[in-house]
Amino acid sequence: EKEKWRQAVKHLRCDVCKLTVGHTMDAIGDNFQEDDVYDHLDKICDVANLYADHEIRFVDGSPELAKAEASSARTDHEKRWQTHAMQEMCDNIIRPADDDIKDGLMVLKRRRQKNKKPKPTDPAAIASARDAEVHTICEKIRLCTAASKRAEL
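Worth saying up front: this structure is predicted, and the values here are computed from it rather than measured.

Parameters at a glance
- Residues numbered from 1 in each chain as written.
- Predicted model: local features only at pLDDT ≥ 70, side-chain atom pairs only at ≥ 80, totals over all residues.
- Heavy atoms only, no water.
- Disulfide = S-S within 2.5 Å.
- Helix = DSSP H or I, 4+ residues; strand = E, 2+ residues; numbered from the N terminus.
- Buried < 20%, exposed > 50% of the residue type's maximum accessible area, 1.4 Å probe, protein only.
- Core = buried A, V, L, I, M, F, W, Y, C linked by side-chain atoms within 4.5 Å.
- Contact = heavy atoms within 4.5 Å.
- Expected span 1.5 Å × (residues − 1).
- Arc of directions from axis to C-beta.

**Points about the state of the cysteines**
Taken as a whole and judged by the stated rule, the model has three disulfides. Between the sulfur atoms of Cys-14 and its disulfide partner Cys-144 the distance amounts to 1.9 Å. Looking along the S-S bond of the Cys-14-Cys-144 disulfide, the torsion reads about 100°, which is the right-handed sense. Within this pair, whereas Cys-14 is found in helix H2 (residues 13-28), its partner Cys-144 is found in the loop between helix H7 (123-140) and helix H8 (146-152), the two being separated by 130 residues in sequence. Classification of Cys-14 as buried rests on a relative accessible area of 13%. Paired through a disulfide, Cys-45 and Cys-90 show a sulfur-sulfur distance of 1.9 Å. Where Cys-45 bonds to Cys-90 through sulfur, the torsion about that S-S bond is close to -80°, and the disulfide is left-handed. Note that Cys-45 is positioned in the loop between helix H3 (34-41) and helix H4 (48-52) and Cys-90 in helix H5 (residues 76-94), a separation of 45 residues in sequence. For Cys-90, a relative accessible area of 0% translates into the label buried.

**A short note on the nonpolar core**
In this structure, Val-16, Ile-94, Ile-101 and Leu-105 are the most contacted members of the largest nonpolar core, which totals 37 residues. Elements with a contribution of two residues or more to this core: helix H1 (2-10), H2, H3, H4, H5, helix H6 (98-115) and H7. Take this core: its biggest share by element is seven residues, from H2. Once residues within four sequence positions are removed from consideration, Val-16 is found in contact with Val-9, Tyr-51, Leu-65, Met-86, Met-89 and Ile-94.

**Here's the deal with the environment of Cys-138**
Along the chain, Cys-138 falls in helix H7. If near-sequence neighbours (up to four positions away) are discounted, Cys-138 is found in contact with Cys-17, Lys-18, Val-21, Leu-143 and Cys-144.

**Focus on H5**
With 19 residues, H5 should reach 27 Å at 1.5 Å per residue; the first-to-last C-alpha distance of 26 Å fits that figure. Looking at H5, one finds that the buried residues are Gln-82, Thr-83, Ala-85, Met-86, Met-89, Cys-90 and Ile-94. Along the long axis of H5, the arc covered by the buried residues comes to 160°, so they all point the same way. Exposed and oriented more than 90 degrees from the buried face of H5 are Asp-76, Arg-80 and Asn-92. Here the buried face of H5 lies against H1, H2, H4, strand S1 (54-59), strand S2 (62-67) and H6.

Everything listed here is a matter of geometry and, on its own, says nothing about what the molecule does.
Here it is, written out as structure tokens:
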């Protein structure tokens, strides 16, 4: 069971990165200092509950990461191994890139301060801007590609 999910999660590097980096952005908020980022990055992968709230599904034979629904047929055993596989991937490929993630977050903060554009108020625009920023950081650490961003659109 463990190997099944470890193999599946290899195809979800970008999704796990976006989930983890997005959670980091939500946790530190808009008004953060560099120390806040370091504090959160120390435990970036210690988010078992976040991973447990998402499940790996197979659609047409390909794995995809999705928010777990209450009606999910996933067993506790599958949930445990899926969560473990996502956490292990984070430990192995996301945590080592913590300096690049921090740099990406600080660049975004400086860019926002420099542009001083009014923040969007429409929830869809806010989510779209956040998703683009998360994807940019995951591209920088080479876990997502520009092609994967276009495929989502």
